[in-house]
Amino acid sequence: KQEVTQIPAALSVPEGENLVLNCSFTDSAIYNLQWFRQDPGKGLTSLLLIQSSQREQTSGRLNASLDKSSGRSTLYIAASQPGDSATYLCAVRQGGQNFVFGPGTRLSVLP
Amino acid sequence: DGGITQSPKYLFRKEGQNVTLSCEQNLNHDAMYWYRQDPGQGLRLIYYSQIVNDFQKGDIAEGYSVSREKKESFPLTVTSAQKNPTAFYLCASSTGQIHSGNTIYFGEGSWLTVV
């Protein structure tokens, strides 16, 4: 059974720092991996989607990489801002219609 | 605007009551999902539906029921059999094609509290 973990569980950084969030999954037979942002009490917003055949995707200050063989993905956030404070979740998509989510990393960017 | 609408945002349930959470999407998506999120935890799949009049149990379906009579709608009923229903419930949808690289879209969620 696919399991997705995220490290660290929480992270607090000063504004302007570059940071890396980690996502690991146990079964490499995935179709894609997505990174989401969740603000408190809200739904999830998709940030980046990486197909299984791709190595990375970039959107603005965000860059996500995927190493399917090792079961790892990283989300790199450049020049962090207080508005980046949220919980970041990764999810892998497998056969059928199922997405498996990690528990998330709670990020606080201090002004 | 296209999207997913969940209602109500906040709901209180008495012991022994059934409650129904509404989820409507206008994205023309075939697949719809219900997830449960407990504080500090990830999302757990309750039910999903790939097409109208069909749905499948997820990892934690016990105490829940769904219907999919219309493509746009996927209501979730939390029955009295669900022993610990207090949680944040998220509805989502996606297109039915896995290989198209499509994403999954979420509603704003519904908070259910047992009183």
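Structure's up top.
Residues numbered from 1 in each chain as written. Chains lettered and ligands numbered in written order. Predicted model: local features only at pLDDT ≥ 70, side-chain atom pairs only at ≥ 80, totals over all residues. Heavy atoms only, no water.

Visitor: An account of the packing of aromatic side chains is needed here, citing residue identities and associated values.
Guide: Residues and elements named next belong to chain B. Here the structure, examined in full by the defined rule, presents eleven aromatic pairs over all chains. Judged by centre distance (5.9 Å) and plane angle (80 degrees), the rings of Y47 and F55 are edge-to-face. A relative accessible area of 7% places Y47 in the buried class. Over the face of the ring belonging to F74 we find R68, whose NZ or CZ atom lies 6.0 Å from the ring centre. (Phe/Tyr/Trp six-rings, centres within 6.5 Å; stacked < 30°, edge-to-face > 60°. Buried < 20%, exposed > 50% of the residue type's maximum accessible area, 1.4 Å probe, protein only. Lys NZ or Arg CZ within 6 Å of the ring centre and 35° of its normal.)

Visitor: Any details on the interface of chain B and chain A? Residues and values, ideally.
Guide: Opposite the 29 residues of chain B that make contact, chain A presents 24 residues. Here chain B is connected to chain A by one salt bridge. For K42 of chain A, the salt bridge identified is with E108 of chain B, shortest N-O distance 3.8 Å. At the junction of chain B with chain A, the criterion picks out two residue pairs in polar contact (both at pLDDT 80 or more). When residues of the side of chain B that touches chain A are traced back to their parent elements, those giving at least two are β4 (31–37), β5 (43–51) and β9 (87–94) of chain B. (Contact = heavy atoms within 4.5 Å. Salt bridge = Lys/Arg side-chain N within 4 Å of Asp/Glu carboxyl O. Polar contact = N/O pair within 3.5 Å; in protein donor to acceptor, adjacent residues only side chain to side chain. Helix = DSSP H or I, 4+ residues; strand = E, 2+ residues; numbered from the N terminus.)

Visitor: Can you tell me about the sheet that holds strand β8 (residues 76–78) of chain B, naming the residues and giving the values?
Guide: All names here are of chain B. Across the sheet, which stays open at both edges, the four strands sit in the order β1-β3-β8-β7 with antiparallel pairing between neighbours. The open sheet terminates on both sides in strands that have one partner only, identified here as β1 (4–7) and β7 (64–66). Taken over all neighbouring pairs, the strand axes of this sheet differ in orientation by 20 degrees on average, direction set aside. Taken together, the three bridges between β7 and β8 define a ladder with antiparallel strand orientation. Of the residues in β8, the one forming a bridge with S65 is T77. (Pairing = 2+ DSSP bridges. Axes fitted to C-alpha atoms, helices over the stretch in contact; angles between N-to-C directions.)

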